[in-house]
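Chain and residue survey
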Amino acid sequence: MGLCRAPRAKEHPVATIVLFHSAYGLRPAVHAAADRLRAAGHEVHTPDVYDGRVFDTVEEGMAYKDEVTTDELLRRAVHAAAPLLGQGGPGIVYAGFSLGAALAQNLALADSNAAGLLLLHGTSDIRDDAATSIPVQLHVAEPDAFEPEDWLNAWYLRMTKAGADVEVHRYRGAGHIYTDPELPDYDEEAAELTWAATLAFLADLDA
């Protein structure tokens, strides 16, 4: 884990961000993260693809995900992002936590005008014919049972092969969703380093 430079201050929104929640649902930590990004000047949207449901355990959240199906969650995610498309100016920065990161990745790779992809605690499959020049920043625990080493290595190779500019940050000893203060996974040092790197990444998108 390394220290990152502080982003430069701006008077207008630096990025329009769609931030998707994890399998736990739209928890307070997601709103707190959005507020942190807004304080840096960004416009942030936090869709609820779980229709108001919030879960206490990842097992309950994943069971609901399986009940709804990944295809339906993707449909809801696309529907949430659609009103922000085609408004002129820079494209959307897609972002998400764990399951939400997987949704964000799928939307970003399908949007030729996407401005960036911010993955917190999660990734998704990449098609063999995927092509993109999008900047990508991934933050993940090390080790992470949900993001095994072999999977991450293959993901990185596929993403760079697709043409993405990929930056990976690993946090040894942190839990899976270590940015949520209300979860057992929480790691304060890793979380603060993550937000510092995130703000620098977003500032660079508008450089």
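Look a little higher up for the structure.
Summarised in this report is the structure supplied together with it. Bear in mind the structure is a predicted one, so any value in this text is a computation, not a measurement.

1. Observations regarding the packing of aromatic side chains
Tallied over the entire structure, the rule returns 5 aromatic pairs. Judged by centre distance (4.8 Å) and plane angle (75°), the ring pair of Tyr50 and Tyr64 falls under edge-to-face. Placement of Tyr50 in the loop between strand E2 (43–45) and helix H2 (58–68) and of Tyr64 in helix H2 is noted, with a sequence separation of 14 residues between them. The class of Tyr50 is buried, set by a relative accessible area of 0%. Here Tyr64 falls in the buried class, since its relative accessible area comes to 8%. Ring plane angle 35° and centroid distance 5.5 Å describe the contact between Phe55 and Tyr64, whose orientation is recorded as tilted. Grouping residues by exposure puts Phe55 and Tyr64 together as buried. An aromatic cluster is present here, built from Tyr50, Phe55 and Tyr64 joined pairwise through their rings.

2. Here's the deal with the pairing of strand E3 (residues 92–97)
The element E3 is extensively covered by neighbouring structure, given that 6 of its 6 residues are classed as buried. Burial along E3 is two-sided: the face carrying Ile92, Tyr94 and Gly96 and the face carrying Val93, Ala95 and Phe97 are both buried. Sheet topology places strand E1 (residues 16–20) next to E3; 5 bridges connect them, and they run parallel. What sits directly across from Phe20, in E3, is Gly96. Both E3 and strand E4 (residues 116–120) contribute to a ladder of 5 bridges, which runs parallel. Residue Tyr94 lies in a different strand from E4, and its bridge partner there is Leu117.

3. A word on helix H1 (residues 28–39)
Compared with the 16 Å implied by 1.5 Å per residue over 12 residues, the 16 Å span of H1 between its first and last C-alpha is a close match. Within H1, the full set of buried residues consists of Ala29, Val30, Ala33, Ala34 and Leu37. Seen end-on, H1 carries its buried residues on one side only, within an arc spanning 140°. Tucked into the core, H1 has its buried residues touching E1, E2, E3 and helix H6 (188–205).

So, how was this worked out
- Each residue is numbered by its place in its chain's sequence as written, counting from 1.
- Confidence filtering applies because this is a predicted model: local features only for residues at pLDDT of at least 70, side-chain atom pairs given and counted only at 80 or more, and all residues used for totals across whole chains, interfaces and linings.
- The side-chain values count all of the structure's non-hydrogen atoms but skip hydrogen atoms and water molecules.
- Pairing of aromatic rings covers Phe, Tyr and the six-membered ring of Trp, with a centre-to-centre limit of 6.5 Å; geometry is then stacked below 30 degrees between planes, edge-to-face above 60, and tilted otherwise.
- Working definition: helices are DSSP H or I runs of at least four residues, strands are E runs of at least two. Numbering for both runs from the N terminus.
- Relative accessibility decides the category of a residue: with a 1.4 Å probe and only protein chains considered, values under 20% of the type maximum give buried, values over 50% give exposed, and everything between is partly exposed.
- Strand pairing follows a simple DSSP-based rule, namely that at least 2 bridges must link the two strands.
- Expected span of a helix: the number of residues minus one, times 1.5 Å.
- To be clear, the arc concerns the directions from the helix axis to the C-beta atoms.
- Any two residues having at least one pair of non-hydrogen atoms within 4.5 Å are treated as being in contact.

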